[in-house]
Amino acid sequence: QVVTDIDDTVKSSGGLSLAGIPLGGVDTSYARGSFYPGVFQFGLELSCARLPPGRPPARVAVLTARAVEFKALLEIKQSTKLC
């Protein structure tokens, strides 16, 4: 199984901070909430590694230190282009 973080790993935090404390990460190279190019393909490739041909990819577990506080911001909704 592949395990990944969200903040500045899958999507950019945009470097947003509150009172000088970063809220999820420090990357300012992409706009806040932007998914990094190629991140989903990379996750798929990792999920398929070492599997026999024809087997479905392993699930990807997404972790974050702020799961409860930021659920509404981090949740991938059914209406997004990814689903």
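Let us look at the structure shown here. (Residues numbered from 1 in each chain as written. Predicted model: local features only at pLDDT ≥ 70, side-chain atom pairs only at ≥ 80, totals over all residues. Heavy atoms only, no water.)

### Remarks on the overall build of the protein
Consideration 1: A tally of helices and strands in the protein yields two helices and four strands.
Consideration 2: When burial is assessed residue by residue, the protein has 22% of its 83 residues classed as buried.
Consideration 3: Long-range pairs, those at least 24 residues apart, make up 47% of the contacts in the protein between residues at least 6 apart in sequence.
Consideration 4: Total accessible area computed for the protein in this model is approximately 6200 Å², and 61% of it derives from carbon and sulfur atoms. (Helix = DSSP H or I, 4+ residues; strand = E, 2+ residues; numbered from the N terminus. Buried < 20%, exposed > 50% of the residue type's maximum accessible area, 1.4 Å probe, protein only. Contact = heavy atoms within 4.5 Å. Areas by Shrake-Rupley, 256 points an atom, 1.4 Å probe, with all protein chains shown as cover.)

### Some remarks on the packing of aromatic side chains
Consideration 1: In the structure shown here, the tally under the stated rule is two aromatic pairs.
Consideration 2: Between Y30 and Y36, the ring centres sit 5.4 Å apart and the planes meet at 90°, which makes this aromatic pair edge-to-face.
Consideration 3: Relative accessible area serves as the criterion here: at 36%, Y30 is assigned to the partly exposed category.
Consideration 4: The exposure class assigned to Y36 is buried, which follows from its relative accessible area of 14%. (Phe/Tyr/Trp six-rings, centres within 6.5 Å; stacked < 30°, edge-to-face > 60°.)

### Details of the side chain of S12
Consideration 1: Counting through the fold element by element, S12 comes out in the loop between strand 1 (2-5) and strand 2 (17-18).
Consideration 2: Only 3.0 Å separates the side chain of S12 from the backbone nitrogen of G14, close enough to count as a polar contact.
Consideration 3: Separated by 3.0 Å, the side chain of S12 and the backbone oxygen of Y30 make a polar contact.
Consideration 4: Those residues within four positions of S12 in sequence are excluded, and the remaining contacts are D27, Y30, A31, R32, G33, S34 and Y36. (Polar contact = N/O pair within 3.5 Å; in protein donor to acceptor, adjacent residues only side chain to side chain.)

### Observations concerning the pairing of strand 1
Consideration 1: Here strand 1 shows one buried face, formed by V2 and T4, and one open face, formed by V3 and D5.
Consideration 2: Sheet topology places strand 1 next to strand 4 (residues 60-63); four bridges connect them, and they run parallel. By the bridge assignment, V2 is partnered in strand 4 with V60. (Pairing = 2+ DSSP bridges.)

All quantities given are derived from atomic positions and should not be read as evidence of function.
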